[in-house]
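# Fold and geometry: a report
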Amino acid sequence: MAFTVPRDILFLCLFFHSTALSMGNWNTRDFQRREHSLVKPYQGAGVGVPQWDFLGSTMVTNSYIRLTPDRQSKAGAIWNNVQCFIQNWELHVQFKVHGSGKNLFGDGFAIWYTKHRMESGSIFGNSDPFTGLGIFLDTYSNHNGPHNHNHPYISAMINNGSLRYDHDTDGTHTQIAGCEAQFRNRDYDTYVAIRYENNKLTVSTDIENKSGWKECFSVENVKLPVGYYFGVSAATGDLADNHDVISVKFYDLDGPDADKNVPYTGLPEASTMEAPRDRIDDSKGSYLLGNMTGWKLFVIIILLIIGLGVCVMVGVMVFQKQQENSRKRFY
Ligand SMILES: [Ca+2]
């Protein structure tokens, strides 16, 4: 049964789920998991926020967690410090991206489910490369030419630790899917939902003040292991924005039969990678040579030498024949 959990209507979710489970012995306490959620009031009894750690420019207020202020060259993140051992889940993030820039603003934020946590770096404030899932809510197009899409743009990337994120193409070379989403400078609440169930990744948004989810994209055959961490990070550069997280709500979709599932523990994997898009800023010559392996180049050089040899031999033979003919004419 594929649907996205209606926000804040827990009883409805439970109704659907218990219906799906044929009124099985569903445990209501297991549905929303507090250990992976972050809701108001943020502060615990102590100074910190339970189960969450902060990085960089992150600032906690009573009503939001600001990852970056609307100022240049800032980076911040929040990281859940409890590993997730639930195979099927859904994450709702309420956020607010806003600032004084009318036409120029950036760079955006990212939601993570990764092996490593609390590492700062160049992908919206997180490390590059990373291992796991990254959902990018990119407000600024770094691309020099026209894209096939407009910004703000939401995309997903699955990484086994070997791929690098390319800012110059806004990550379109490594994305598994994406969609446009005008989520910036809204007067009302904006949400994004990430659902991972039976190796299917679905990202939906609620950014039009309609209290309903709209699917951004859905991708099958995505493999994510258990034991990774959730996080949200944001960065500004020459351009800036306030990147605020209002809440993170985690829902366990495994249900009471979870013990029967064998959790996936391999590397992150996605069988569908979108076709690379217009990356043609390499010069053609170096592109051709760059794609050639050593032995191919060797064979081509040998063939060229043989070809040149044949040309020279034919040339000499023709020349000799002409000399012979001209001599014959003299006599
Ligand atoms: Ca960008």
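Residues numbered from 1 in each chain as written. Predicted model: local features only at pLDDT ≥ 70, side-chain atom pairs only at ≥ 80, totals over all residues. Heavy atoms only, no water.

## Description of the coordination of the calcium ion
Note on the calcium ion: its protein donors are Asp 138 (OD), Asp 138 (OD), Tyr 140 (O), Asn 142 (OD1) and Asp 170 (OD). The metal-donor distances range over 2.3 to 2.5 Å. Linear spacing of the donor residues for the calcium ion on their chain is D-x1-Y-x1-N-x27-D. With a gap of 28 residues between them, Asn 142 in the loop between strand S8 (131-138) and strand S9 (153-160) and Asp 170 in the loop between S9 and strand S10 (177-180) connect regions that are remote in the sequence. (Donors = N, O, S within 2.8 Å, 3.2 Å for Na, K, Ca; no water. Helix = DSSP H or I, 4+ residues; strand = E, 2+ residues; numbered from the N terminus.)

## Examining the state of the cysteines
Across all of its chains, the model carries one disulfide by this definition. Across the disulfide from Cys 179 sits Cys 216; the S-S distance is 2.0 Å. Here Cys 179 and Cys 216 share a disulfide; its torsion about the S-S bond, -115°, makes the bridge left-handed. Of this pair, Cys 179 sits in strand S10 while Cys 216 sits in strand S13 (residues 214-219), and the two are 37 residues apart along the sequence. Taken as a pair, Cys 179 and Cys 216 share a single burial class, namely buried. (Disulfide = S-S within 2.5 Å. Buried < 20%, exposed > 50% of the residue type's maximum accessible area, 1.4 Å probe, protein only.)

## Observations regarding the packing of aromatic side chains
As enumerated under the stated definition, the model contains 17 aromatic pairs in all. For the ring pair Phe 95 and Phe 109, a centre distance of 5.1 Å and an interplane angle of 50° mean the geometry is tilted. With a gap of 14 residues between them, Phe 95 in strand S5 (residues 89-98) and Phe 109 in strand S6 (residues 108-114) connect regions that are remote in the sequence. Take Phe 95: its relative accessible area is 2%, and that puts it in the buried class. Feature note: the residues Trp 89, Tyr 113, Tyr 196, Tyr 228, Phe 230 and Phe 250 constitute an aromatic cluster, connected by ring pairs. It is Arg 117 that lies over the ring of Tyr 229; its NZ or CZ is 5.4 Å from the centre. For the cation-ring pair, Arg 184 lies above Phe 105, with the distance from its terminal atom to the ring centre recorded as 3.6 Å. (Phe/Tyr/Trp six-rings, centres within 6.5 Å; stacked < 30°, edge-to-face > 60°. Lys NZ or Arg CZ within 6 Å of the ring centre and 35° of its normal.)

## Section: the environment of Leu 267
The topology assignment puts Leu 267 in the loop between strand S16 (242-252) and strand S17 (269-270). A C-alpha to C-alpha distance of 8.1 Å links Leu 267 and Thr 131, two positions 136 residues apart in sequence. Setting aside its immediate chain neighbours within four residues, Leu 267 contacts Thr 131, Asn 160 and Lys 223. (Contact = heavy atoms within 4.5 Å.)

## With respect to unusual backbone geometry
A cis amide bond, omega -10°, links Lys 40 with the succeeding residue Pro 41. Take Pro 41: it is sitting in the loop between helix H1 (10-20) and strand S1 (52-56). Cis geometry marks the peptide bond from His 151 to Pro 152; its omega dihedral reads 0°. Within the fold, Pro 152 resides in the loop between S8 and S9. In this structure, Asn 198 is a non-glycine residue whose phi angle is positive, near 50°. Along the chain, Asn 198 turns up in the loop between strand S11 (190-197) and strand S12 (200-206). On the accessibility criterion, Asn 198 (60% relative accessible area) is exposed. A positive phi angle is found at Asn 199, which is not glycine, with a value near 65°.

## A short note on the sheet that holds S1
Taken together, the seven strands give an open sheet; going across it, the order is S1-S4-S15-S6-S8-S9-S10, and neighbouring strands pair in antiparallel fashion. Single-partner strands in this sheet number two, and they are S1 and S10. Ignoring which end each strand starts from, the neighbouring axes of this sheet average 15° apart. Where strand S4 (residues 75-80) meets strand S15 (residues 229-235), five bridges bridge the pair, whose relative direction is antiparallel. Across the sheet, the residue bridging to Gly 76 is Ala 234, located in S15. (Pairing = 2+ DSSP bridges. Axes fitted to C-alpha atoms, helices over the stretch in contact; angles between N-to-C directions.)

## Points about a nonpolar patch on the surface
Taken together, the side chains of Leu 297, Phe 298, Val 299, Ile 301, Ile 302, Leu 303, Ile 305, Ile 306, Val 310, Val 314 and Val 318 define a hydrophobic patch exposed on the protein surface, amounting to about 970 Å² of accessible area. Tracing the sequence through the fold places Ile 301 in helix H3 (residues 294-330). (Patch = residues over 30% accessible without salt bridge, like charges linked within 9 Å, V, L, I, M, F, W, Y side chains within 5 Å. Areas by Shrake-Rupley, 256 points an atom, 1.4 Å probe, with all protein chains shown as cover. Salt bridge = Lys/Arg side-chain N within 4 Å of Asp/Glu carboxyl O.)

## Side note on the environment of Val 192
Structurally, Val 192 can be placed in strand S11. Accessibility expressed as a relative area gives 0% for Val 192, which makes it buried. Sequence separation between Val 192 and Leu 91 is 101 residues; the distance between their C-alpha atoms is 8.3 Å.

## A look at the environment of Thr 58
Its place among the elements puts Thr 58 in the loop between S1 and strand S2 (59-60). In the structure, Thr 58 is positioned 175 residues away from Ser 233 in sequence and 9.1 Å away in space, judged by C-alpha atoms. Those residues in contact with Thr 58, other than ones at most four positions away along the chain, are Ile 65, Arg 66, Leu 67, Gly 76, Ala 77 and Ile 78. A polar side-chain atom of Thr 58 sits 2.9 Å from the main-chain carbonyl oxygen of Leu 55. Only 3.0 Å separates the side chain of Thr 58 from the backbone nitrogen of Ala 77, close enough to count as a polar contact. (Polar contact = N/O pair within 3.5 Å; in protein donor to acceptor, adjacent residues only side chain to side chain.)

Purely spatial values, then, with no claim about function.
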